[in-house]
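Coordinate inspection notes
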Amino acid sequence: WAIHLLRLYIEGTMGKEVADTLFRQIDEAIVYSLKSVQNVIINDRRCFELYGYDLLIDEQLKPWLIEVNASPSLTCTTEEDRKLKDRVMRDALAVAVPPGKLEAAAGGVSRTTALSRLSRGGRSGVGGDKGAVAAYEREWARTGGVPEC
């Protein structure tokens with residue numbers, strides 16, 4: 001399930017307070033796990049790292065942290081898996097790339113279009129927009145893949 005649909009289901013079946021408690025506990029599990037390794041996480045303004053969290057929610061709606069993947073696989077096995085990982089990549093880029101830099105790198109298109117193209121490997125509909133992809137690739141080569149702040 002997408003996380004927002006899980007929250008909607010829990011709110012609808014068990015109430016908003018129960019959903020709020022569950023999601024607060026999930027947030028706490030993530031924050032505490034990061035705090036426990038904060039001294040070994042590389043802090044470099046020119047890059048970011050994506051972590052994959054596996055949590056199990058038991059019958060009492062208690063979340064259990066199963067594992068954290070420092071390099072989660074972005075390989076897709078189903079259409080639903082592809083949609084999920086597409087959203088993950090879009091969200092990661094939206095957080096990691098400063099406003100205006102992504103649009104410039106993708107040929108002046110909107111941020112939404114640029115994120116969409118990047119999350120699909122530069123493809124834009126049928127046939128793609130080769131000019132925008134080429135502009136993005138030039139900018140990537142010029143900056144070494146590091147957004148200029």
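Residues numbered from 1 in each chain as written. Predicted model: local features only at pLDDT ≥ 70, side-chain atom pairs only at ≥ 80, totals over all residues. Heavy atoms only, no water.

A word on the overall build of the protein chain
Defined as follows: Helix and strand assignments come from DSSP, with helices taken as H or I runs of at least 4 residues and strands as E runs of at least 2, each series counted from the N terminus. Only protein chains enter the calculation, and the probe is 1.4 Å; a residue is then buried if its accessible area is under 20% of its type maximum, exposed if over 50%, and partly exposed in between. By definition, residues are in contact when any of their heavy atoms lie within 4.5 Å. Computed with a 1.4 Å probe, the accessible areas rest on the Shrake-Rupley method; for each residue, only the protein chains presented here act as cover.
In terms of regular secondary structure, the protein chain is built from six helices and two strands. Counting from the amino terminus, helix and strand elements in the protein chain follow one another as α-α-β-β-α-α-α-α. Residue burial in the protein chain is summarised as follows: out of 149 residues, 24% are buried. Within the protein chain, counting contacts between residues at least 6 apart in sequence, those at least 24 apart form 35% of the total. Per element, the accessible surface of the protein chain, about 10400 Å² overall, is 57% carbon and sulfur.

Here's the deal with the packing of aromatic side chains
This is how it is decided: Here a pair means two rings of Phe, Tyr or Trp (six-membered ring of Trp) with centres within 6.5 Å. Their orientation is stacked below 30 degrees between planes, edge-to-face above 60, and tilted elsewhere. Look at NZ for Lys and CZ for Arg. If either is within 6 Å of the ring centre and within 35 degrees of the ring normal, a charge sits over the ring.
Using the criterion set out here, one finds zero aromatic pairs in the structure. Over the face of the ring belonging to Phe23 we find Arg7, whose NZ or CZ atom lies 4.8 Å from the ring centre.

Some remarks on helix α3 (residues 79-96)
Our working rule: By this rule the span expected of a helix is its residue count minus one, scaled by 1.5 Å. Read the arc as the range of directions from the helix axis to the C-beta atoms.
Taking 1.5 Å as the rise per residue, α3 with 18 residues should run 26 Å; its terminal C-alpha atoms sit 26 Å apart, in good agreement. Asp81, Lys85, Asp86, Ala92 and Leu93 are the residues of α3 that are buried. The arc that holds the buried residues of α3, viewed along the axis, is 135 degrees, so those residues lie on one side. What points out from α3, more than 90 degrees from its buried face, is the exposed set Asp91 and Val95.

Remarks on the pattern of salt bridges
Applicable threshold: Salt bridges are defined by distance alone: a side-chain nitrogen of Lys or Arg within 4 Å of a carboxyl oxygen of Asp or Glu.
This structure, assessed with the given rule, holds seven salt bridges. Between Glu79 and Arg82 there is a salt bridge, and its shortest N-O distance comes to 2.6 Å. Here the residue Glu79 and the residue Arg82 both occupy positions in helix α3, the gap between them amounting to three residues, near one helical turn. Residue class for Glu79 comes out partly exposed when judged on its relative accessible area of 44%. Residue class for Arg82 comes out partly exposed when judged on its relative accessible area of 37%.

As for the confidence of the model for the protein chain
Predicted coordinates in regions of low pLDDT should not be interpreted in detail. Heads up, the condition is: Predictor confidence is given residue by residue as pLDDT, running from a minimum of 0 to a maximum of 100.
For the protein chain, mean pLDDT is 79; residues scoring 70 or higher make up 68% of the total. The low-confidence segment residues 122-129 (pLDDT under 50) makes seven contacts with residues lying over four places distant or belonging to another chain.

A few points about the nonpolar core
For clarity, the cut-off: Buried Ala, Val, Leu, Ile, Met, Phe, Trp, Tyr and Cys residues that are joined via side-chain atoms within 4.5 Å together make up what is termed a nonpolar core.
The biggest cluster of nonpolar side chains holds seven residues, and these are Leu6, Ile10, Ala19, Leu22, Phe23, Ile26 and Leu61. Within the residue set of this core, elements represented by two or more residues are α1 (3-14) and α2 (16-36). Element by element, the count of residues in this core is highest for α2, at four residues.

Remarks on a nonpolar patch on the surface
Put simply, the rule is: Here a patch means residues that are over 30% exposed by relative accessible area and free of salt bridges, tied together within 9 Å if like-charged and within 5 Å if nonpolar (Val, Leu, Ile, Met, Phe, Trp, Tyr).
A cluster of nonpolar side chains, namely Trp1, Leu5, Leu8 and Tyr9, defines an oily patch on the protein surface of about 510 Å² accessible area. The exposure class of Tyr9 is partly exposed, given its relative accessible area of 42%.

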